[in-house]
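Given next are the chains, with one letter for each unit.
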Amino acid sequence: CRVTDSVRVLCHMPGLPPSGACRICVVEVEGRPNLVASCAYPAGEGMKVKTNSARVRHSRKTVVQLLLANHKQECASCIRNGNCELERLSRQTGVRDVPYTGEVRKANKDVSNPSIVRDPEKCILCGRCVRTCEEIQSVGAIDFTDRGFSTLVLPAFDDGLNVTECVNCGQCVMACPTGALHERTAVRRRLNARGEDPEKIVVFQHAPAISVSIGEEFGIGGSGDLTEKLSSAFRKMGADYVFDTSFSADLAR
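Presented here is a report on the structure given in the accompanying data block. Model, not experiment: these values are computed from the prediction.

**Examining the overall build of the chain**
- When you go through the chain residue by residue, the secondary structure sums to seven helices and nine strands.
- For the C-alpha atoms alone, the extent of the chain along its principal axes is close to 70 × 40 × 35 Å.
- Here the chain holds 253 residues, and 37% of them are scored as buried.
- Of the contacts formed within the chain by residues at least 6 apart in sequence, a portion of 62% connects residues at least 24 apart.
- Just so you have it, the chain exposes about 15,800 Å², and 51% of that area is on carbon and sulfur atoms.

Structure (structure tokens):
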């Protein structure tokens, strides 16, 4: 349950059992002294539920403020700025300030992997990356470590992601609601190199799946193959040649 269509939550994953981790979906149930997570609390006949009472709204706002109090405050320069679920939820719950101060969880950024960057200081412990890696991809490269304030999502023994069983599928990046996990890209660096040396030839090569799936990012659902539009966009970015790895990608496995 997502409470209502207008209320965003942080730990919900379609197709998987609820975890009740983020506590954004709390509701009031008549007869219960405490708020309950609507995603995990069993429904019963005759149950009376309040989903938008003052107590519920205050609880959700407090949860968001606590998340932000232990979150790296660099939204303006974050790679997920404008596309961050925590950012949107903050606006939705009316958070304008964070009244809680104190010790903040510290962790080193992991840049060892050639494809994925981990920044644990932006992690909100929603568990979506862990569940994606374990329950959907069946890899299990990352998991929760320690307890309480010291809890982090890390590879085993706090090793770099490059020496784990990670297969660089990127599904954890897709699941992450913040900038705690993001892909590494060399596009900007390569294009800047073109500006430094006009004689350089810039080549873009993309997987065939991108021609279809990229439409989801821009809300062009069900539009089919966008190869021509994608090639035009790459050329405007400075590419001299654009290739679609249409056949050999099918043999990559």
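Picking up where we left off.
**Quick look at a positive patch on the surface**
- A cluster of like positive charges, contributed by Arg-184, Arg-189, Arg-190 and Lys-200, occupies part of the molecular surface.
- Judged by its relative accessible area of 42%, Arg-184 falls in the partly exposed class.

**Things to note about a nonpolar patch on the surface**
- On the surface, a cluster of nonpolar side chains totalling about 410 Å² of accessible area is made up of Ile-201, Val-203, Tyr-241 and Phe-243.
- Here Ile-201 is to be found in the loop between helix 5 (187–196) and strand 8 (203–206).

**Digging into helix 3 (residues 128–136)**
- Buried within helix 3 are the following residues: Arg-128, Cys-129, Val-130, Arg-131, Thr-132 and Cys-133.
- Buried positions along helix 3 lie against helix 2 (85–92), strand 5 (143–145), strand 6 (152–154), helix 4 (171–175) and strand 7 (181–183).
- A positive backbone phi angle near 60° is found at Ser-138, which sits one or two residues after helix 3.

**Focus on the pairing of strand 1 (residues 26–29)**
- What you see with strand 1 is no split at all: Val-26 and Glu-28 on one side and Val-27 and Val-29 on the other are buried throughout.
- Note that strand 1 and strand 2 (residues 36–37) share two bridges and pair antiparallel. When the bridges of strand 2 are listed, Val-26 appears paired with Ala-37.

**Observations regarding the environment of Ser-59**
- Here Ser-59 shows up in helix 1 (residues 54–69).
- As for Ser-59 and Cys-176, which are separated by 117 residues in sequence, their C-alpha atoms are 23 Å apart.
- Setting aside chain neighbours within four positions, we find Ser-59 in contact with Val-26 and Leu-35.

**Things to note about the nonpolar core**
- Within the largest apolar cluster, 18 residues are counted, with the highest numbers of intra-cluster contacts made by Leu-10, Cys-22, Ile-24, Val-64, Leu-67, Leu-86 and Ile-124.
- Elements represented by at least two residues in this core include exactly helix 1 and helix 2.
- Here the element with the most residues in this core is helix 1; it accounts for four residues.
- Sequence-distant contacts of Leu-67, that is, excluding residues within four places in its chain, are made with Leu-10, Leu-86 and Ile-124.
- Among the nonpolar cores identified, the runner-up in size contains 14 residues, and Val-153, Cys-172, Val-173 and Cys-176 belong to it.

**Side note on the side chain of Asn-70**
- With respect to the secondary-structure elements, Asn-70 resides in the loop between helix 1 and helix 2.
- With relative accessibility at 14%, the residue Asn-70 sits in the buried group.
- A polar contact of 2.7 Å, which involves the side chain of Asn-70, links it to the backbone nitrogen of Arg-105.

**Overview of the packing of helix 1 against helix 2**
- Two numbers describe how helix 1 lies on helix 2: the axes approach to 10 Å, and their chain directions differ by 135°. Relative to helix 2, helix 1 is oriented oblique. Read as a crossing pair, helix 1 and helix 2 show a hand that is left-handed. Residues Val-64, Leu-67 and Leu-68 of helix 1 pack against Leu-86, Leu-89 and Ser-90 of helix 2.

Reading the values: the criteria
- Residues numbered from 1 in each chain as written.
- Predicted model: local features only at pLDDT ≥ 70, side-chain atom pairs only at ≥ 80, totals over all residues.
- Heavy atoms only, no water.
- Helix = DSSP H or I, 4+ residues; strand = E, 2+ residues; numbered from the N terminus.
- Buried < 20%, exposed > 50% of the residue type's maximum accessible area, 1.4 Å probe, protein only.
- Contact = heavy atoms within 4.5 Å.
- Areas by Shrake-Rupley, 256 points an atom, 1.4 Å probe, with all protein chains shown as cover.
- Patch = residues over 30% accessible without salt bridge, like charges linked within 9 Å, V, L, I, M, F, W, Y side chains within 5 Å.
- Salt bridge = Lys/Arg side-chain N within 4 Å of Asp/Glu carboxyl O.
- Lys, Arg positive; Asp, Glu negative; His and termini not counted.
- Charge placed at Lys NZ, Arg CZ, Asp CG, Glu CD.
- Pairing = 2+ DSSP bridges.
- Core = buried A, V, L, I, M, F, W, Y, C linked by side-chain atoms within 4.5 Å.
- Polar contact = N/O pair within 3.5 Å; in protein donor to acceptor, adjacent residues only side chain to side chain.
- Axes fitted to C-alpha atoms, helices over the stretch in contact; angles between N-to-C directions.
- Parallel < 35°, antiparallel > 145°, perpendicular 65-115°, else oblique.
- Left-handed = near helix turned anticlockwise from the far one by under 90°.

Treat this as a map of the structure, not an account of what it does.
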